[in-house]
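Structural features, examined
Residues per chain, in single letters:
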Amino acid sequence: MNKLVKKLGLLLTVILLSLGAVGIADANHSHVQAAKTIRVTYTLKNNKKTIAKKNIRVKKHTTVLAALKKCWKVKSSGGFVTSIHGYSQNKSKKLYWTYTVNGKWANAANKVYLHNKDRVVWTRSKF
């Protein structure tokens, strides 16, 4: 009986240690996954009125345009956005989509890469 109790105790110890190792591995895996993604805030404006806002997670080295397409339905041509979320450019009214990253104007949304905590504001206005 004494030998059986010792064997069960040893088996239980091995099982608990194994589960602990798996838990540590999962925690490390989650940390690595979090390090491979960034958080970005996207805001859409029609003139000065905010029409939509989203906080998203994307992989590092994601372009402004790729992340925008993750948020809403987008039409673009040559890296320039022509329609977002059903709001299209209107050449006759001179309404165009422009954007800023952290308050600074940027061009060619398919060539600008995002960084953690960037704030991207897309504005459709007269230009």
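Each remark here, short or long, concerns the structure printed above.
Just so we're clear, the structure is a prediction, and the values are computed from it rather than from any experiment.

1. Regarding the overall build of the chain
In terms of helices and strands, the chain carries 2 helices and 8 strands. Reading the chain from its N terminus to its C terminus gives the helix and strand order α-β-β-α-β-β-β-β-β-β. Looking at the chain as a whole, 29% of its 127 residues are labelled buried. Long-range contacts, defined here as pairs at least 24 residues apart, represent 48% of the contacts in the chain between residues at least 6 apart. Summed over its atoms, the accessible surface of the chain is roughly 9200 Å², and 59% of this surface lies on carbon and sulfur atoms.

2. Considering the sheet that holds strand E4 (residues 80-84)
Taken in spatial order, the 3 strands make up an open sheet running E3-E4-E5, and their pairing is antiparallel. What marks the edges here is a single partner per strand, and that holds for strand E3 (74-77) and strand E5 (87-88). Contacts from helix H2 (residues 64-71) reach E3 and E4 within the one sheet, and its direction differs from that of E3 by about 155°.

3. Brief notes about the environment of asparagine 107
Along the chain, the position of asparagine 107 falls in the loop between strand E7 (104-105) and strand E8 (118-126). The class for asparagine 107 is exposed, based on a relative accessible area of 60%. Sequence-distant contacts of asparagine 107, defined by excluding residues within four places in its chain, comprise Tyr99 and Val112.

4. Considering unusual backbone geometry
Of note, asparagine 47 is a non-glycine position whose phi angle comes to about 60°, a positive value. Here asparagine 47 lies in the loop between strand E1 (37-46) and strand E2 (49-59). Residue class for asparagine 47 comes out partly exposed when judged on its relative accessible area of 42%. A positive phi angle, close to 60°, is found at lysine 94, a residue other than glycine. Residue position: lysine 94 is located in the loop between E5 and strand E6 (95-101).

5. Concerning the packing of aromatic side chains
This model, assessed by the stated rule, comprises 1 aromatic pair. Each ring, one from tyrosine 99 and one from tryptophan 122, has its centre 4.4 Å from the other, and the planes form 25°; the classification is stacked. Highlighted residues: tyrosine 99 in strand E6 and tryptophan 122 in strand E8, separated in sequence by 23 residues. On the basis of relative accessibility, which here comes to 4%, the residue tyrosine 99 falls in the buried class. Tryptophan 122 sits in the buried class, given a relative accessible area of 2%.

6. Observations concerning the sheet that holds E1
Ordered by their spatial adjacency, 5 strands build an open sheet running E2-E1-E8-E6-E7, and the pairing between neighbours is mixed. Of all the strands in the sheet, just E2 and E7 have a single pairing partner and so form its edges. Its contacts with the sheet put H2 on E1, E2, E6 and E8, and the angle it makes with E2 is roughly 110°.

7. Considerations on the side chain of threonine 100
For threonine 100, the location among the structural elements is in strand E6. Those residues in contact with threonine 100, other than ones at most four positions away along the chain, are Trp105, Arg119, Val120 and Val121.

8. Here we look at the layout of surface pockets
Taken as a whole, the largest pocket holds about 240 Å³ of empty space. Around the largest pocket sit 15 residues that line it, and Phe80, Trp97, Thr98, Ala106 and Asn107 are the ones nearest its centre. Mapped onto the lining of the largest pocket, the elements with two or more residues apiece are E4 and E6. By residue number, the principal contributor to the lining of the largest pocket is E6, which donates 4 residues. Its residues placed into classes, the lining of the largest pocket shows 11 nonpolar, 4 polar and no charged.

What counts and how
Residues numbered from 1 in each chain as written. Predicted model: local features only at pLDDT ≥ 70, side-chain atom pairs only at ≥ 80, totals over all residues. Heavy atoms only, no water. Helix = DSSP H or I, 4+ residues; strand = E, 2+ residues; numbered from the N terminus. Buried < 20%, exposed > 50% of the residue type's maximum accessible area, 1.4 Å probe, protein only. Contact = heavy atoms within 4.5 Å. Areas by Shrake-Rupley, 256 points an atom, 1.4 Å probe, with all protein chains shown as cover. Pairing = 2+ DSSP bridges. Axes fitted to C-alpha atoms, helices over the stretch in contact; angles between N-to-C directions. Phe/Tyr/Trp six-rings, centres within 6.5 Å; stacked < 30°, edge-to-face > 60°. 1 Å grid on protein atoms, 1.4 Å probe; cavity = no way out; pocket = protein on both sides within 12 Å on 5 of 7 lines; lining within 4 Å. Points joined across faces, edges and corners; volume = space filled by probe spheres on them. Nonpolar A, V, L, I, M, F, W, Y, C, P; charged D, E, K, R; others polar.

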